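Read off the chains here:
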There are 4 protein chains.
Amino acid sequence: MSLTRRLAAEGIGSLFLAATVVGSGVMAERLAGGNSAIALLANTLATVAVLAVLIALLGPVSRAHFNPAVSLVEALRGSLSWRDTVAYVLVQVLGCCLGAILAHAMFDLPWLQSSAHVRTGPGQWLGEAVAAFGLILVVLGHRRSQDAAWMVAAWIGAAYWFTASTSFANPAITIARSLSDTFAGIRPVDVPGFIIAQLGGALLALLAARLLFRTQRAPAVEGPTTASTVAAPGRLESRADHG
Amino acid sequence: MSLTRRLAAEGIGSLFLAATVVGSGVMAERLAGGNSAIALLANTLATVAVLAVLIALLGPVSRAHFNPAVSLVEALRGSLSWRDTVAYVLVQVLGCCLGAILAHAMFDLPWLQSSAHVRTGPGQWLGEAVAAFGLILVVLGHRRSQDAAWMVAAWIGAAYWFTASTSFANPAITIARSLSDTFAGIRPVDVPGFIIAQLGGALLALLAARLLFRTQRAPAVEGPTTASTVAAPGRLESRADHG
Amino acid sequence: MSLTRRLAAEGIGSLFLAATVVGSGVMAERLAGGNSAIALLANTLATVAVLAVLIALLGPVSRAHFNPAVSLVEALRGSLSWRDTVAYVLVQVLGCCLGAILAHAMFDLPWLQSSAHVRTGPGQWLGEAVAAFGLILVVLGHRRSQDAAWMVAAWIGAAYWFTASTSFANPAITIARSLSDTFAGIRPVDVPGFIIAQLGGALLALLAARLLFRTQRAPAVEGPTTASTVAAPGRLESRADHG
Amino acid sequence: MSLTRRLAAEGIGSLFLAATVVGSGVMAERLAGGNSAIALLANTLATVAVLAVLIALLGPVSRAHFNPAVSLVEALRGSLSWRDTVAYVLVQVLGCCLGAILAHAMFDLPWLQSSAHVRTGPGQWLGEAVAAFGLILVVLGHRRSQDAAWMVAAWIGAAYWFTASTSFANPAITIARSLSDTFAGIRPVDVPGFIIAQLGGALLALLAARLLFRTQRAPAVEGPTTASTVAAPGRLESRADHG
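This one's a predicted model, so the numbers in the text were calculated from it and none came from an experiment. (Residues numbered from 1 in each chain as written. Chains lettered and ligands numbered in written order. Predicted model: local features only at pLDDT ≥ 70, side-chain atom pairs only at ≥ 80, totals over all residues.)

This part is about the relation of the copies chain D and chain A. Note on the identical chains: chain D maps onto chain A by a rotation of 90° and an axial translation of 0.0 Å, with an RMSD of 0.0 Å. On this basis, the relationship between the two copies can be described by a four-fold rotation axis. Proximity to the rotation axis, assessed at the C-alpha, singles out Ile38 of chain D in chain D; its C-alpha lies 5.1 Å from the axis. The overlap is low: 3% of the interface residues of chain D also sit at the interface in chain A, so different surfaces are used on the two sides. (Least-squares fit on C-alpha atoms with pLDDT ≥ 70 in both. Contact = placed C-beta atoms within 7 Å.)

Encoded structure:
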């Protein structure tokens, strides 16, 4: 699979994911008449549904990361070259930002916004770390590639409710949400705290996965990752990892 | 599979789909006590559930399009003859209209109505294009035929919330909704704008799918489609495409 | 599989199904603060979930009918002997009634009640016929036995909302609901109208299924059904039909 | 699979399960504006989603019990040694309690609490027995290991609504909930009644499963269970049983 096509898949997936997160938040808040629980419920169901579809649809093309934390973990374990990782992350961030703009355009809102939604503090950072930890554990530990779609989606859906931060769990989505002064938004100044927590949780999950799942996997690639290693047939295509 | 039986399947599926969209909207609005978010949530869940069932049930018979935009795309890529496409579209429109009437009959409403629900403007047209784009991408890009049911349903369910137009994404359903002055309705005068946007999104998705998925598919049929091409075993039956 | 064990499975399944329908209605009405849409939403989700579980769990034992309309259709098409059909129906009705009583016991309500909930009129009868028609179509037309659980559950879930009668679609459940003066109840005097409509829809579906699915099935058993026909290996066990 | 790793899986799963039950209850109550039905709906969906993910993810490692009632039943039927059972139960209780504390930390609540939520009486005890009965029936009776995740989750989700006790169905979760004075809490003094009812329902289900499913299974292990029996390949790994 050429890098161009994989990046196209990452870009389209990231765009639709962010458009759903932001757009369904706008729709839900407009209709919910002030009841935030109903708004978050609709926001959750839309996110879960689109995430599962996008992973099943684009996983065979790009492995459907849509998430810099996932791409970083895959790079660290030797499943994605560092060159591809940089390209993935850039496209993910760009796609998510365009997705937020698309949502604004659909709802006749100003295309470029800056969120005033305060999301900060140790409780929310802990929530982001937990959400990202579980997400990476699912990405690294699921057994059948066709289960990744529903497992990732269900984890994110649950974490929307059981973490205090409503589980952004994705640096690219976090940046895109800072561009939307709507239900799903986050103040730009609060973005770094969220991203640091997400990456911390993701790295911890990489260690935990090695302990929990180690004998059930092919041995990790030792030494520096080379393009040829990553491009080897059967590795890139063997599973649809996600986020 | 004879054309008659395929048309029967398209008709029954379109009828139940429209009856669900319109009927669950009536029920939801009656019970929701003015909270449109709860009404749309119920409307969404009923639509998602019935769409998945109908695709799984009738896909093996007619490929379960239930949607002129899907049939048109299949004709353009040589998977459905133009003669069959015309018949499919007529039956889909007829089935959806009968479905709206059935919903009215069940809820003791006047059988024939004309909607006064305003749905227009660039934001909503963009929404319809996005919803149809994603739908066709799912129809053309899914890998396992048994996944079409949940993937199409989940996409539509998400798009009910993240598009400003609540994702009609189907010209036949759009026409049928114009005959219902209820929660799910649309003014007849707003129908053409929606259909043009849906077809535009669908055609764009046909191009995008060729880029994203081209090496993973059998080569597209070149030249004019003949009835014998379409009737070739293994093509018509190989996958359950949907809408 | 002995008849005793099959009847035990039908009884347990019918009991849990009715307990869920009635019990979740009580819980939902108590908590929903007068919003019937939220109450019906919770009632729907609980019913859908338990129906899918019970079909997957008990289908391999008794084929998981839990529904006299399904057993009757199976008898008419020669898949269940008339003797077994009578036993199935009796156990289904008994199990459902015990399920309603169990729900009352759990919620500290009088065990024996008579519903005052009016459910009558042509619109509701049409709704019951439509709901039962679709249910039987799913039972007879699904291709993979493992799909029956989610397909039956999703159909019933959708029909809770798109029919005016909230889709009882089951004579045994209808009788049991008449014993419960709660959210899910129905006046005893309204029961016959519902059951007649359900059986009418079911019989119509038997005809429709022969047209839609006939070449995809083993030929229907002609002539009178004998116990030996029904007991033939591969027939009784080949699929998990449901209701 | 070493006992250490299995216990790690039990601990992590129990922790996330309890964190979800407690955390989503806090979030739901904060947002729902006093409507308990919406709060319980969100609480249910989060629990169902995380339970399915955890079972699919950790079932292959530890069989994903997360529930002393399940481990006890597996010990009684000779599928888990008594030594391992004791270790499983201790880790489950510890994990669940840490999960409640984690939820408190995420929501900036006091880490250690004592619930004042009254949950007692014959109706609720009956509810717990029914919920545990059905859970064990699903654990022992499901046919395909990959179905355990959704079947267990769907059963628990339904039982949240159709039992008067909202289906704790798990002694470890019950103890952990007594440490949380939030939506999901239970007074410490009410814990023994719940646990006794759960174990009673579980034991009854063990008997019922032998009647319902006996010819479809390998013969039960007779005589005392030894470590070597349990460690035999093909038994421990053959299915992912859950709770």
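Continuing now.
What follows covers the interface of chain D and chain A. Listed as interface residues are 30 residues of chain D and, on the opposing side, 28 residues of chain A. At the level of elements, α1 (3–31), α2 (36–62) and α4 (82–106) of chain D are the ones that each hand at least two residues to the side of chain D that touches chain A. With twelve residues, α2 of chain D is the single largest residue contributor to the side of chain D that touches chain A. (Helix = DSSP H or I, 4+ residues; strand = E, 2+ residues; numbered from the N terminus.)

Moving on, we come to the interface of chain B and chain A. Quoted interface sizes are often the accessible area lost when the parts come together. Counting from both sides, the interface comprises 29 residues of chain B and, opposite them, 30 residues of chain A. Looking at the side of chain B that touches chain A, the elements that each hand over two or more residues are α2 (36–62), α5 (122–141), α6 (148–162) and α8 (191–213) of chain B. When residues of the side of chain B that touches chain A are assigned to their parent elements, the largest contribution, eight residues, is made by α5 of chain B. Of the residues contributing to the side of chain B that touches chain A, the split by class is 17 nonpolar, ten polar and two charged. (Nonpolar A, V, L, I, M, F, W, Y, C, P; charged D, E, K, R; others polar.)

This next bit is on the environment of Ala169 of chain A. All names here are of chain A. Its location among the elements puts Ala169 in the loop between α6 (148–162) and α7 (171–177). Sequence-wise, Ala169 and Pro68 are 101 residues apart; in three dimensions their C-alpha atoms are separated by 9.9 Å. Excluding residues within four positions of it along the chain, Ala169 makes contact with Glu128, Ala131, Ala132, Leu135, Ile156, Ala159 and Gln198.

A separate point is helix α2 (residues 36–62) of chain C. Residues and elements named next belong to chain C. The sharpest bend along α2 measures roughly 35° and falls at Ala56, with the proline Pro60 sitting one to four residues further on. With respect to burial, α2 is a largely interior element, 26 of its 27 residues being buried. Positive phi appears at Arg63, one or two residues downstream of α2, with a value of about 75°. (Bend = angle between axes of the 7 residues up to and from the residue. Buried ≥ 20, exposed ≤ 12 C-beta atoms within 10 Å, placed from the backbone.)

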